[in-house]
Number of protein chains: 2
Amino acid sequence: MAIERHVPVAEQVAILLHGRIADGTYAPGDRLPSEAELADELAVSRGTVRSALAVLATAGLIVRRQGDGTYVTGVMSAERSLMHVMWEFTRAIELSGHVPSIRVVSLQQRPATEKEAAALNIGLGEQVLSVLRVIHADERPAFLSTNVHPANLFTQAIDQLDGTIEMRRFLQRYCNREIVCGDMDVSAAMPSAEVRDALSLGANVPVLLVESVFYDADGRPLVLSTSYYGGDKLSFHDVRRSYPWAKTR
Amino acid sequence: MAIERHVPVAEQVAILLHGRIADGTYAPGDRLPSEAELADELAVSRGTVRSALAVLATAGLIVRRQGDGTYVTGVMSAERSLMHVMWEFTRAIELSGHVPSIRVVSLQQRPATEKEAAALNIGLGEQVLSVLRVIHADERPAFLSTNVHPANLFTQAIDQLDGTIEMRRFLQRYCNREIVCGDMDVSAAMPSAEVRDALSLGANVPVLLVESVFYDADGRPLVLSTSYYGGDKLSFHDVRRSYPWAKTR
DNA sequence: TAGTGGTCTAGACCACTTG
DNA sequence: AAGTGGTCTAGACCACTAC
């Protein structure tokens, strides 16, 4: 028998409301029913409705105005931060209207370099799993990406691993770990000959270089990722996350 | 008599706990008192304590583990997203250990171009306020930035505006608007002669180009910002914001 | 098993916007 | 004045972890 997963009520409410926005029951510009009405209709407490609405508001799907009401914005994507782009290349490519595919160049286990050991918080020379891939958009190479994981996260033999799945799912499936945050460096660079080749670029075309370390909820490094992007630009949406009380005087 | 600002209890609790973490009362690695103990000590409800802790957890200052406890992480900066970097250049420069300064190149009012009108959701040819600035780090130019605002946000005469203050404060002070989210494009580019000059760059050095539109809580565009960054790399920290239920199956 | 954080409820009052 | 979202409370039960 499958594990019975307890699904929080607020989550179910959020999914339900998300569905109503997605299918146009609540269309962009519409005002949603009040918290009290929703609580009444769904037979849950007002606090539960508020939790669900807070999720949708944070995602940008709705806007809430005290004394007025809750309105549908028309924004539908909740996963457009730069971090999401970097850990879910294919979704980012889909969102921009192209067809993604992942090709594995190499997948190997080897000792960590000094830089990798420092970033992943492991001993120098400890084993790492290194995955080099090219992510295509409509059969044209877009990203050249190297993911380096601490090998001790994995229990499977290396030839059991499927390198064509997205980094985040890869970590979920094989390590049962969830990416929660990341430190990222973005810079402009002239590509080396290898990178230029892999991305089929002309001469004298700069690329974006994104170097990231992603962590789980406990702050453990899961992956050091180095990605070159040869396309036009990376687009994303960001929402404020500073302290609400951090007013500028 | 000054306006009496009502300060939510949860916010006061968050500030208090933030202070205890900052001053080492709760040191990195320490376990915080339980929610019940904090609620008891501060004479507030457990829900209020939870709200405060949620803010600190989102900022990354603490980690919470069900059945175990709440722990201090050692991470102190809550404002390191790329969006914050782009709207608070000087803070980003400070965080990287340098001394920032802002120099205004020009500040003028003129009709909007087609691109500006589209981005700012105003009519073509409506007036905009355009601010061109160079942001220095330790007397070396780091960013060349143009901010274009809808002129109708401003009531002051143009010569009353102080262009040396940060964009976010600028909007707060003169328009009473708060930046809440933004759409951003990041790309690598070869700088034009003017940009190369302004940033004192050598030949054949690529720059980062960040084009952003920032919005207030109601989705109104406040500014179209175009920034060139001539330094090594932009570093920032990002926290997951996808739907908690958006599990990858 | 005791104690932690996670969720939900029902009710109250406040701040704000709209008519 | 009526109705909205924003905040806070007190209490309950559950899921999980450490001992």
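Residues numbered from 1 in each chain as written. Chains lettered and ligands numbered in written order. Predicted model: local features only at pLDDT ≥ 70, side-chain atom pairs only at ≥ 80, totals over all residues. Heavy atoms only, no water.

**Q** I keep staring at the protein's contact with DNA strand C and nothing clicks. Help me out?
**A** Every one of the 21 residues lining DNA strand C counts as a neighbour, but A:Pro8, A:Val9, A:Ser45, A:Thr48 and B:Arg46 are closest to it. Sugar and phosphate atoms form 64% of the subset of DNA strand C atoms that lie within 4 Å of the protein. One of the backbone nitrogen or oxygen atoms of B:Gly67 is found 3.0 Å away from a base nitrogen of DNA strand C. Where the surface near DNA strand C is concerned, the elements lending two or more residues are helix H1 (9–22) and helix H3 (46–59) of chain A together with helix H3 (46–59), strand E1 (62–65) and strand E2 (69–72) of chain B. Broken down by class, the residue content of the surface near DNA strand C amounts to four nonpolar, nine polar and eight charged. (Near = heavy atom within 4 Å. Polar contact = N/O pair within 3.5 Å; in protein donor to acceptor, adjacent residues only side chain to side chain. Helix = DSSP H or I, 4+ residues; strand = E, 2+ residues; numbered from the N terminus. Nonpolar A, V, L, I, M, F, W, Y, C, P; charged D, E, K, R; others polar.)

**Q** Can you help me understand the protein's contact with DNA strand D in this one?
**A** In the vicinity of DNA strand D lie 21 residues, with A:Arg46, B:Pro8, B:Val9, B:Ser45 and B:Thr48 positioned nearest. Here a base nitrogen of DNA strand D sits 3.2 Å away from a polar atom, N or O, in the side chain of B:Arg46. B:Gly67 is positioned such that a nitrogen or oxygen atom in its backbone is 3.4 Å from a base oxygen of DNA strand D. Put simply, the parts of the chain that give the surface near DNA strand D at least two residues each are H3, strand E1 (62–65) and strand E2 (69–72) of chain A together with helix H1 (9–22) and H3 of chain B.

**Q** What should I look at first to understand helix H2 (residues 35–42) of chain A in this one?
**A** Structural remark: α-helix, 3.6 residues per turn; residues separated by three or four positions point the same way. All names here are of chain A. Within the sequence span of H2, burial applies to Glu-35, Leu-38 and Ala-39. Down the axis of H2, the sector holding all buried residues measures 100°, keeping them to one side. Against H1, H3 and E1 lie the buried residues of H2. Ala-43 sits one or two residues past H2 and shows a positive phi near 60°. (Buried < 20%, exposed > 50% of the residue type's maximum accessible area, 1.4 Å probe, protein only. Arc of directions from axis to C-beta. Contact = heavy atoms within 4.5 Å.)

**Q** Could you clarify how one ought to interpret the sheet that holds strand E6 (residues 181–189) of chain A in this entry?
**A** Each strand in a sheet pairs with another by means of backbone hydrogen bonds, the pair being arranged parallel or else antiparallel. Within the open sheet, the seven strands sit side by side as E3(A)-E4(A)-E5(A)-E8(A)-E7(A)-E6(A)-E9(B). Their pairing is antiparallel. The sheet is open, and its two borders are formed by strand E3 (100–111) of chain A together with strand E9 (234–239) of chain B, each paired with just one other strand. Across the sheet, the mean angle from the axis of one strand to that of its neighbour is 20°, orientation sign disregarded. Two elements, E6(A) and E9(B), share six bridges in a ladder whose sense is antiparallel. Within E9(B), the position partnered with A:Cys181 by the bridge is B:Val239. (Pairing = 2+ DSSP bridges. Axes fitted to C-alpha atoms, helices over the stretch in contact; angles between N-to-C directions.)

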